[in-house]
Amino acid sequence: MGKGGGCVPSKKKISKSTSQNPPPPIPAVDPHSTTNDAVSATESARDSVPEKTQNLKIFIIFYSMYGHVESLATKMKKGVEAVDGVEAVLYRVPETLTEEILVQMRAPVKDDSIPEIPSPDQLAGADGFLFGFPTRYGCMAAQMKAFFDSTGQLWREQKLAGKPAGFFVSTGTQGGGQETTAWTAITQLAHHGMLFVPIGYTFGAGMFKMDSIRGGTPYGAGVFAGDGTREASETEMALAEHQGKYMAAVVKKLQIHI
């Protein structure tokens, strides 16, 4: 073939030809496509979810006849609220005994500043729980059991499933059920699908002290009430505060990973 008329064009011509070609057309998006719908739905859902600015809430729900469980509950509230972004709400469960019987049992008047929980439905609004109660033959007191028995609708709808919960107790003697009272209560959580959070030995050296009488176990904080006149010791109160702080940290961590 003649000079300059070969089949291999010069590089200059390729560059010129390429620069003159129009860009490829952008394919049109079908407004009825499922992919487009999914993207729109995802963006819409993302935009509609408000940022959570409110504190996480832990309900401390208890029954206390002589004030021992209540003293632990107030300390736990202090522990919970030591963790940034978490607040505690104290509630009593309804009393099942008559005023006449309570007088005969020499039970002190309850502190009106701590309200009874208005309804079991309130539980659905909490992010975590600490339940406290005295023992009755190694199990929770009837007042607390009656409250759990009233949560049937929540159980039916599994509205408490996945929520963490712990226990704290009061017993009359050292062999009176510090462990079994909490252990037998786990069945209530299991049927609701809740997560039992024991404290283990996270309290550190305080769990191993043998120089004084101390309530509390790896299941949770505890107090020895004796005949009703013994008050919680400094160690028992410190363990209760620790459990509140520990539970708040667990609840906060769970929320981050959800």
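Everything below is about the structure printed above this text.
Residues numbered from 1 in each chain as written. Predicted model: local features only at pLDDT ≥ 70, side-chain atom pairs only at ≥ 80, totals over all residues. Heavy atoms only, no water.

(A) Main features of the environment of Pro218. Summarising the element assignment, Pro218 is placed in the loop between strand E6 (195-196) and strand E7 (222-224). Taking the C-alpha atoms as reference points, Pro218 and Pro198, separated by 20 residues in sequence, lie 6.1 Å from one another. Aside from chain neighbours lying at most four places away, what touches Pro218 is Glu179, Pro198, Ile199, Gly200, Tyr201 and Met207. (Helix = DSSP H or I, 4+ residues; strand = E, 2+ residues; numbered from the N terminus. Contact = heavy atoms within 4.5 Å.)

(B) Structural detail: the pairing of strand E5 (residues 164-171). Burial within E5 is extensive, with 8 of its 8 residues counted as buried. Both strand E3 (residues 128-136) and E5 contribute to a ladder of 6 bridges, which runs parallel. Across the sheet, residue Leu130 finds its bridge partner in E5, namely Gly166. Two strands pair when backbone bridges link them, and E5 and E6 are joined in this way by 2 bridges, in the parallel orientation. Bridge pairing in E6 links Pro164 to Leu195. (Buried < 20%, exposed > 50% of the residue type's maximum accessible area, 1.4 Å probe, protein only. Pairing = 2+ DSSP bridges.)

(C) Representation of the packing of aromatic side chains in the model. A full pass over the atoms with the stated rule returns 10 aromatic pairs. Following the ring pairs from residue to residue traces out a cluster consisting of Phe59, Tyr91, Phe129, Phe131, Phe133, Phe147, Phe148, Phe167, Phe196 and Tyr219. (Phe/Tyr/Trp six-rings, centres within 6.5 Å; stacked < 30°, edge-to-face > 60°.)

(D) A look at the environment of Ala88. With respect to the secondary-structure elements, Ala88 resides in strand E2 (residues 86-92). When the C-alpha positions of Ala88 and Asn55 are compared, they lie 9.6 Å apart, and in sequence the two are 33 residues distant. The contact partners of Ala88, leaving out residues within four places of it in the chain, are Ile58, Ile60, Lys77, Val80 and Glu81.

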